[in-house]
Amino acid sequence: MRIMGLDVGSKTVGVAISDPLGFTAQGLEIIQINEDQEKFGFERLGELVAEYKVDKFIIGLPKNMNNTVGPQGEKVLLFVKKMKKELDVEIVLEDERLTTVSAEKMLISGNVRREKRKEIIDKVAAVYILQTYLDRN
């Protein structure tokens, strides 16, 4: 059983995958999406589900600090609604408050250049989202 973590942004989806035993999360890739053109990367996610035998998605749900769902959270909920029509895999929403901030701090402490951080931040955030879930379960 593998679990896949997603950090859904407005232009990209960061993807992480668990090890076969479900102990650790590793960054996998970043999928380019285009909300305006209704291109959400579901075809690529389907390929990854088949390749890694994924049976569950953990998707980060951005919330405001007061626990409300803002505009980006609404976009993620729409993404999830569309995804359920495309892929027959369980979906769990994980509170992702401050995951991008944590990922950014980790990359800065690792002396990763700003340009490189922009390229990989969503993948690292997906790792944080998935690892939080794995640690709790």
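As shown above, the structure is provided for reference.
Each chain has its residues counted from 1, running along the sequence as written. At least 70 in pLDDT is required for a residue's local features to be given in this predicted model, at least 80 for side-chain atom pairs to be given and counted, and no such filter applies to totals for whole chains, interfaces and linings, which use all residues. Note that water and hydrogens are dropped before the side-chain values are worked out from all heavy atoms of the structure.

(A) The arrangement of the overall build of the chain in detail. Strands are runs of DSSP state E lasting at least 2 residues, helices are runs of H or I lasting at least 4, and numbering of each runs from the N terminus. Tallying secondary structure elements over the chain gives 4 helices and 5 strands in all. Going from N to C terminus, the chain has its helices and strands arranged as β-β-β-α-β-α-β-α-α. The buried share among the 137 residues of the chain stands at 45%. Taking all contacts inside the chain whose residues are at least 6 apart in sequence as the whole, residues at least 24 apart take part in 61%. When a residue's accessible area, from a 1.4 Å probe over protein chains only, is under 20% of the maximum for its type it is buried; when over 50% it is exposed; and in between it is partly exposed. Note on definitions: a residue-residue contact is assigned when non-hydrogen atoms from the two residues lie within 4.5 Å.

(B) Representation of the environment of G5 within the structure. Within the secondary structure, G5 sits in strand β1 (residues 2–8). Through-space distance from the C-alpha of G5 to that of V15 is 5.8 Å; in sequence the pair is 10 residues apart. Setting aside residues no more than four positions away along its own chain, G5 makes contact with G14, V15, A16, I58, A126 and L130.

(C) Looking closely at the sheet that holds strand β3 (residues 25–32). Strands pair, by our definition, only if DSSP identifies at least two bridges between them. With respect to topology, 5 strands assemble into an open sheet ordered β3-β2-β1-β4-β5, the strand pairing being mixed. In this open sheet, the two strands that pair with only one neighbour each are β3 and β5 (90–95). Averaged over all neighbouring strand pairs, the angle between strand axes comes to 25°, with direction disregarded. Sheet topology note: the strand β2 (residues 12–18)/β3 ladder contains 7 bridges and is antiparallel. Counterpart to G14 in the pairing with β3 is I30. Each axis is a line fitted through C-alpha atoms, and for a helix only the stretch in contact is used; angles between axes span 0 to 180 degrees, taken between their N-to-C directions. The strands that helix α1 (residues 42–52) touches are β1, β2, β3 and β4 (54–61); relative to β3, the one it contacts most, it runs at about 150°.

(D) Here's a closer look at α1. Taken as a whole, α1 has its buried residues at F42, L45, L48 and V49. Considered in projection along α1, the buried side chains sweep an arc of 115° and stay on one side of the axis. Of the exposed residues in α1, those oriented more than 90 degrees away from the buried face are E43 and A50. Considering only its buried residues, α1 is in contact with β1, β2, β3, β4 and α2 (71–86). At the C-terminal side of α1, K53 shows a positive phi close to 55°. The directions from the helix axis to the C-beta atoms form the arc being described.

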